[in-house]
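Take a look at the letters that make up each chain.
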Amino acid sequence: MIRAFGLLLVFLLELAVLAVGVRWGWSLDAPTAVRLLAAVGVPLLLAGLWGVLGSPRARVPLRPPAKYAFQAGWFVLGGGMLALLGRPWLGLALVVVWVVVTIVLRRAGRPA
């Protein structure tokens with residue numbers, strides 16, 4: 001039960017990073033066309049990277065240390081975008097929740 005909840009939470013955090021990418025792209029100080037392109041392009045780029053490198057069915061399977069580094073970078077990027085949006089504590093919370101859930105999942109024998 002804890003593993004299922006943890007995996008669900010990690011999935012929701014991954015989606016949150018995509019949503020933050022939309023918001024960050026839209027917040028750029030640029031013409032509307034550029035903002036729209038960024039609001040669509042940033043999450044598409046992130047989703048593509050996740051599909052290729054980070055997902056459980058990644059096209060390029062990474063060894064565990066590299067996969068953990070990629071995932072850490074993913075959530076730190078999400079936290080950084082939140083900080084740039086003026087929400088540094090929310091960005092920190094995103095990263096801390098991911099770290100805690102990842103530790104719990106690894107101790108339960110199911111890495112995220």
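Residues numbered from 1 in each chain as written. Predicted model: local features only at pLDDT ≥ 70, side-chain atom pairs only at ≥ 80, totals over all residues. Heavy atoms only, no water.

Asker: It is not clear to me how the nonpolar core should be interpreted in this structure. Could you clarify?
Answerer: Within soluble globular proteins, side chains that are nonpolar generally end up buried alongside one another. Membership of the largest hydrophobic core comes to 14 residues, with the highest contact counts inside it found for Leu13, Val17, Leu46, Trp74, Phe75, Met81 and Leu94. If you list the elements that add at least two residues to this core, you get α1 (2–26), α2 (32–54), α3 (64–84) and α4 (88–107). Sorting elements by how many residues they give to this core places α3 first, with 5 residues. Other than its neighbours up to four places away in sequence, Met81 contacts Val17, Val20, Gly21, Trp24 and Leu46. (Core = buried A, V, L, I, M, F, W, Y, C linked by side-chain atoms within 4.5 Å. Buried < 20%, exposed > 50% of the residue type's maximum accessible area, 1.4 Å probe, protein only. Helix = DSSP H or I, 4+ residues; strand = E, 2+ residues; numbered from the N terminus. Contact = heavy atoms within 4.5 Å.)

Asker: Just to check I follow, could you spell out α4 for this structure?
Answerer: The α-helix winds at 3.6 residues per turn, so residues separated by three or four positions along the chain end up facing the same way. End to end, α4 covers 29 Å across 20 residues, agreeing with the expected 28 Å (1.5 Å per residue, within 8%). Residues of α4 that are buried: Gly91, Leu94, Val95, Trp98, Val101, Thr102 and Leu105. With its buried residues spanning 135° around the axis, α4 presents them on a single face. Exposed residues on α4 whose side chains face more than 90 degrees from its buried face are Trp89 and Arg107. Contacts from the buried residues of α4 go to α1 and α3. (Expected span 1.5 Å × (residues − 1). Arc of directions from axis to C-beta.)

Asker: Help me understand the packing of α2 against α3 in this model?
Answerer: How two helices sit against one another is set out by the angle between their axes and by the gap between those axes. Across the interface, α2 lies against α3 with an axial gap of 11 Å and an inter-helix angle of 165°. Regarding the angle of α2 to α3, the classification is roughly antiparallel. For the element pair α2 and α3, the recorded crossing hand is left-handed. Contacts from Leu46, Ala47, Leu49, Trp50, Leu53 and Gly54 in α2 reach Lys67, Phe70, Gln71, Trp74, Leu77 and Met81 in α3. Classifying every residue of the contact of α2 with α3 by side-chain character gives 9 nonpolar, 2 polar and 1 charged. (Axes fitted to C-alpha atoms, helices over the stretch in contact; angles between N-to-C directions. Parallel < 35°, antiparallel > 145°, perpendicular 65-115°, else oblique. Left-handed = near helix turned anticlockwise from the far one by under 90°. Nonpolar A, V, L, I, M, F, W, Y, C, P; charged D, E, K, R; others polar.)

Asker: Whenever I open this one, the packing of α1 against α3 confuses me. Can you help?
Answerer: At a closest axis distance of 9 Å, the pairing of α1 and α3 adopts a crossing angle of 40°. The angle between the axes of α1 and α3 places the two elements in the oblique class. Our pair here, α1 against α3, has a crossing hand that is left-handed. Contacts between α1 and α3 pair Val10, Leu13, Glu14, Val17, Leu18, Val20, Gly21 and Trp24 from the former with Trp74, Phe75, Gly78, Met81, Leu82 and Leu84 from the latter. In the contact of α1 with α3, the residues fall into 11 nonpolar, 2 polar and 1 charged.

Asker: Could you clarify how one ought to interpret the UniProt feature "transmembrane region" (unreviewed entry) in the protein chain in this entry?
Answerer: Feature annotation in UniProt assigns "transmembrane region" (unreviewed entry) to the following positions: residues 35–53 and 89–108. Counting secondary structure, residues 35–53 comes out at 100% helix and 0% strand; the distance between its end C-alpha atoms is 27 Å. Between the C-alpha atoms that bound residues 89–108 the distance is 28 Å, and the span itself is 95% helix and 0% strand. (UniProt positions renumbered as here; feature names shortened; annotations may be inferred.)

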